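Structural overview for review
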Amino acid sequence: QAYSAQLHALRHASPAELGVPPALLRHSTDASRAGRETYRTAVALLRGLPSCVSYRAQLNAIAEACEETCALAAGLAGSPVGADELVPTFAVVLLHARLSHLPSTLLLLADALADEALWKSRKGYALVSAHAA
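Residues numbered from 1 in each chain as written. Predicted model: local features only at pLDDT ≥ 70, side-chain atom pairs only at ≥ 80, totals over all residues. Heavy atoms only, no water.

Let's shift gears to the packing of helix 4 (residues 83-97) against helix 7 (residues 122-132). Look at helix 4 against helix 7: their axes get within 8 Å of each other, and the N-to-C directions meet at 70 degrees. The angle between helix 4 and helix 7 falls in the class roughly perpendicular. Across from Ala-83, Leu-86, Val-87, Phe-90 and Leu-94 in helix 4, the residues of helix 7 making contact are Tyr-125, Ala-126, Ser-129, Ala-130 and Ala-132. Among the residues forming the contact of helix 4 with helix 7, the class breakdown is nine nonpolar, one polar and no charged. (Axes fitted to C-alpha atoms, helices over the stretch in contact; angles between N-to-C directions. Helix = DSSP H or I, 4+ residues; strand = E, 2+ residues; numbered from the N terminus. Parallel < 35°, antiparallel > 145°, perpendicular 65-115°, else oblique. Contact = heavy atoms within 4.5 Å. Nonpolar A, V, L, I, M, F, W, Y, C, P; charged D, E, K, R; others polar.)

Rendered as structure tokens:
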């Protein structure tokens with residue numbers, strides 16, 4: 001319930017208020033259009049999370065959404081981005097996905113990643129990024 005209240009309170013927060021770096025707030029016509037498309041894709045991937053029937057499918061959805069968000073951030077920045085840029089941008093995407101059970105889903109997925117090699121994979125990076133966001 002606290003998570004739902006926080007989601008509700010942040011629903012009108014701007015990306016800048018959520019810590020998205022100024023370099024990612026620049027908008028040219030082409031970058032903005034491409035960014036909106038990538039952003040929609042990442043949100044849609046996350047909105048499909050509740051319908052995923054296995055933890056592997058959920059991890060794949062989070063990894064794909066993280067990669068889409070990374071592509072958005074890199075496109076807006078004009079160069080590859082690190083975690084300092086990715087995490088707040090991913091927070092915006094997670095916020096707009098409005099997943100009511102995100103904290104518990106992330107905790108369950110973290111428990112499911114018993115294999116240390118998975119933590120070093122793109123799925124592990126995406127899960128850690130989602131936790132940080």
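Averaged over all residues, the pLDDT of the protein chain is 80; the fraction at 70 or higher stands at 83%. When mean pLDDT is taken per element in the protein chain, helix 3 (residues 55-77) scores highest with 90 and helix 2 (residues 29-47) scores lowest with 67. Taken together, the stretch residues 28-36 has pLDDT below 50 and engages in three contacts with residues farther than four places along the chain or on a different chain. (pLDDT = per-residue confidence, 0-100.)

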